[in-house]
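Coordinate inspection notes
The primary structure of each chain is shown beneath.
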Amino acid sequence: MRFDLHSHSTCSDGLLSPAELVERAVQRGVDVLALTDHDEVKGLSAARVAAANWGLRLVNGVEISVLWEEVTLHIVGLDIDDTHEPLVEGLAGIRTGREQRALRMADSLAAAGIPDTLAGARRYAKNPELVSRSHFARYLVEAGHARDTNAVFRHFLTPGKPGYVPHQWATLADAVNWISGGGGIAVLAHPGRYDLGEARCERLLGEFGELGGAAVEVVTGSHSPSEFVTWARHARQFGLLASAGSDFHGPGEGYRDIGDVPALPSGCDPVWARF
Ligand code: AMP
Ligand code: MN
Ligand code: MN
Ligand code: MN
């Protein structure tokens with residue numbers, strides 16, 4: 001069975017509609033796919049219809065933005081109840097916050113001499129409720145401020161750069177509760193991307209487990225093969241299951257295409273045993 005438990009559609013910052021995403025997953029040999037849009041579950045119904053047509057198993061997912069000790073973290077929810085009220089309301093609150101952040105980002109870029117970026121970003125945001133840094137990045141490339149979106153993030157959209165504004169996301173406890181309160185499985189996404197250092201990293205894994213977090217993303221498009229092994233070890237150490245997903249956003253974006261998910265290192269307890 002081929003699993004891909006992390007992917008995005010146009011309902012957040014992906015480039016394919018939920019139905020197109022499912023079709024591409026099927027063509028690339030995926031048997032079990034989780035759609036995990038940022039702070040949004042709106043794409044799941046269309047993805048479920050497409051998955052039923054193609055005979056693919058769709059796992060209801062989400063990727064929640066969290067602020068923990070001043071660090072932005074992403075918590076993936078798998079097998080979530082997308083009608084669970086605390087989750088639905090919590091995500092709506094995050095999306096409102098995104099709108100306010102987008103206004104501040106545009107002001108900040110305007111002050112740096114780059115006007116009209118909010119209107120530009122909105123053109124790329126197919127879901128008007130979800131404006132992401134990725135949409136700003138695509139517009140800044142179009143407007144000629146950088147060669148590609150990676151360069152935009154380097155020069156404009158990361159801490160210390162003119163278009164970056166700090167933001168209050170959900171708390172770790174809220175995100176885990178919204179997921180597990182509806183029967184879902186909370187997964188710490190792409191841990192290798194957070195610049196935590198060893199002590200804080202261990203504190204995070206301990207706290208995450210105590211709150212009811214169940215798994216760590218071991219294999220992800222954000223990790224190198226040696227990081228697969230490191231995070232498999234951390235997962236085991238903290239009694240957490242292992243998850244795997246491409247974090248696919250669109251053709252030509254990111255490192256891994258949908259379904260391009262290497263096997264978990266040996267000794268992992270796969271999260272899909274819980275499905
Ligand atoms: P946001 O949640 O709006 O702050 O946007 C975060 C999204 O930006 C991530 O999910 C990635 O899709 C994208 N992203 C973050 N860093 C980079 C980068 N260095 N290059 C390209 N995309 C990035
Ligand atoms: Mn993204
Ligand atoms: Mn993420
Ligand atoms: Mn993601």
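Residues numbered from 1 in each chain as written. Chains lettered and ligands numbered in written order. Predicted model: local features only at pLDDT ≥ 70, side-chain atom pairs only at ≥ 80, totals over all residues. Heavy atoms only, no water.

The next thing to look at is the overall build of the chain. Within the chain, the secondary structure is distributed over nine helices and seven strands. Taking 275 residues into account, the globule formula puts the C-alpha radius of gyration at 19 Å, and the chain, at 18 Å, falls close to it. By sequence separation, contacts in the chain at least 24 residues apart represent 72% of the contacts at least 6 residues apart. When the accessible surface of the chain is totalled, it reaches about 11600 Å², and 50% of it is carbon and sulfur. (Helix = DSSP H or I, 4+ residues; strand = E, 2+ residues; numbered from the N terminus. Rg over C-alpha atoms; globule rule 2.2 N^0.38 Å. Contact = heavy atoms within 4.5 Å. Areas by Shrake-Rupley, 256 points an atom, 1.4 Å probe, with all protein chains shown as cover.)

Before going further, it helps to examine the coordination of the manganese ion (ligand 2). Donor atoms from the polypeptide that bind the manganese ion (ligand 2) are Asp13 (OD), His38 (NE2) and His249 (NE2), placed at 2.1 to 2.2 Å. Donor residues for the manganese ion (ligand 2) sit on one chain with the sequence pattern D-x24-H-x210-H. Separating the manganese ion (ligand 2) from the manganese ion (ligand 3) is a gap of 5.6 Å. Here the residue His38 occupies a position in the loop between strand S2 (32-35) and helix H2 (44-54), and His249 occupies one in the segment after strand S7 (241-245), the gap between them amounting to 211 residues. Given the relative accessible area of 15%, His249 is considered buried. (Donors = N, O, S within 2.8 Å, 3.2 Å for Na, K, Ca; no water. Buried < 20%, exposed > 50% of the residue type's maximum accessible area, 1.4 Å probe, protein only.)

As a matter of local geometry, ligand 1 sits amid Asp13, His38, Arg98, Arg101, Ser132, Arg133, Ser134, Asn150, Phe153 and His249. Arg101 has a polar side-chain atom sitting 2.6 Å from an oxygen atom of ligand 1. One nitrogen or oxygen atom from the side chain of Ser132 is found 3.3 Å from an oxygen atom belonging to ligand 1. In isolation ligand 1 has 500 Å² of accessible area, and contact with the protein removes 78% of it. Its residues assigned to classes, the shell around ligand 1 comprises one nonpolar, five polar and four charged. (Near = heavy atom within 4 Å. Polar contact = N/O pair within 3.5 Å; in protein donor to acceptor, adjacent residues only side chain to side chain. Nonpolar A, V, L, I, M, F, W, Y, C, P; charged D, E, K, R; others polar.)

So, on to the side chain of Arg98. Here Arg98 lies in helix H3 (residues 85-111). Classification of Arg98 by relative accessible area gives buried; the value is 5%. Excluding residues within four positions of it along the chain, Arg98 makes contact with His38, Asp39, Ser65, Leu130, Val131, Ser132, His167 and Trp169.

Take the pairing of strand S3 (residues 57-68) next. Looking down a regular strand, the side chains alternate between one sheet face and the other. With respect to burial, S3 is a largely interior element, 11 of its 12 residues being buried. Relative to S3, S2 is paired through four bridges, and the arrangement is parallel. Residue pairing for S3: Val32 is matched across the bridge by Arg57. Across eight bridges, S3 lies against strand S4 (residues 71-78) in antiparallel orientation. Residue pairing across strands places Trp68 opposite Val71, the latter belonging to S4. The turn joining S3 and S4, which pair antiparallel and follow one another in sequence, is formed by two residues; a positive phi near 50° is taken by Glu69. (Pairing = 2+ DSSP bridges.)

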